[in-house]
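Observations on chain architecture
Each chain, written out:
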Amino acid sequence: MTRIVSKEEQIINLLNVLGNKISPKFERCTGISSSRFEILHELDQVDEINQSMLQKIINIDSAAITRHLKQLEADLMVTRRKNPEDNRVTFVRLTDHGRKQIEGYKAEKTNFINQILQDFSEDEVQALADFLERMQNNF
């Protein structure tokens, strides 16, 4: 039995499928998860940042940010240090190796985006961005 789906349902279904495909495809193309990319990207914008502030910017829970940072630290891309005045506060910064790595990841991200938006005109990309932003604002 075939079920008729409204255009609105079709849009939501397509967005859901895209969302489920983008993250693993991004990771395969760039070699890093989108969460870790976001962390490195944010750290690339500052000299050093409080870990809890970074967590809020990235919008992930404290266990996840700690897990990601421990792995990035093991990969020698970030360093963490305790605030000598308040041991509960941890500061995070990119290492030189991390700064070099994020540059490569940025290039791969650009290639990934170009692949997804291949054959879209600038006007179509702008319209899509506007539509998606309006949908997000409706939340």
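Residues numbered from 1 in each chain as written. Predicted model: local features only at pLDDT ≥ 70, side-chain atom pairs only at ≥ 80, totals over all residues. Heavy atoms only, no water.

**What about the side chain of Gln51?**
Using the following cut-off: The numbering of helices and of strands both runs from the N terminus, where a helix is a DSSP run of H or I of at least 4 residues and a strand a run of E of at least 2. Residue contacts are defined here by distance: any two heavy atoms, one from each residue, within 4.5 Å place the two residues in contact.
Examined against the element boundaries, Gln51 turns out to sit in helix H3 (residues 51-58). Setting aside chain neighbours within four positions, we find Gln51 in contact with Ile65, Thr66, Leu69, Arg80, Thr90 and Val92.

**Remarks on a nonpolar patch on the surface**
So the rule is basically this: Patch membership is restricted to residues that have no salt bridge and whose relative accessible area is over 30%. Joining uses 9 Å for like charges and 5 Å for the nonpolar side chains Val, Leu, Ile, Met, Phe, Trp and Tyr. Method for areas: the Shrake-Rupley scheme with a 1.4 Å probe, in which residue coverage is limited to the protein chains shown. Any Lys or Arg side-chain nitrogen located within 4 Å of an Asp or Glu carboxyl oxygen qualifies as a salt bridge. Buried residues are those whose accessible area, probed at 1.4 Å on protein chains only, stays under 20% of the maximum for their type, while exposed residues exceed 50% and partly exposed ones sit between those limits.
Taken together, the side chains of Ile11, Ile12, Leu15, Leu18, Ile22, Ile116, Phe120, Val125, Leu128, Leu132 and Met135 make up a nonpolar region of the molecular surface, amounting to roughly 860 Å² of accessible area. Of all the secondary structure elements, the ones that give two or more residues to the nonpolar patch are helix H1 (7-30) and helix H6 (122-137). Looking at the nonpolar patch element by element, the count peaks at five residues for H1. Here Leu18 lies in helix H1. Take Leu18: its relative accessible area is 46%, and that puts it in the partly exposed class.

**Some details on helix H5 (residues 96-116)**
Going by this rule: A helix's residues, less one, multiplied by 1.5 Å, set its expected span.
With 21 residues, H5 extends 31 Å from end C-alpha to end C-alpha; this agrees with the ideal 30 Å at 1.5 Å per step. In this structure, the buried residues of H5 make contact with H1, helix H2 (34-44) and strand E3 (86-94).

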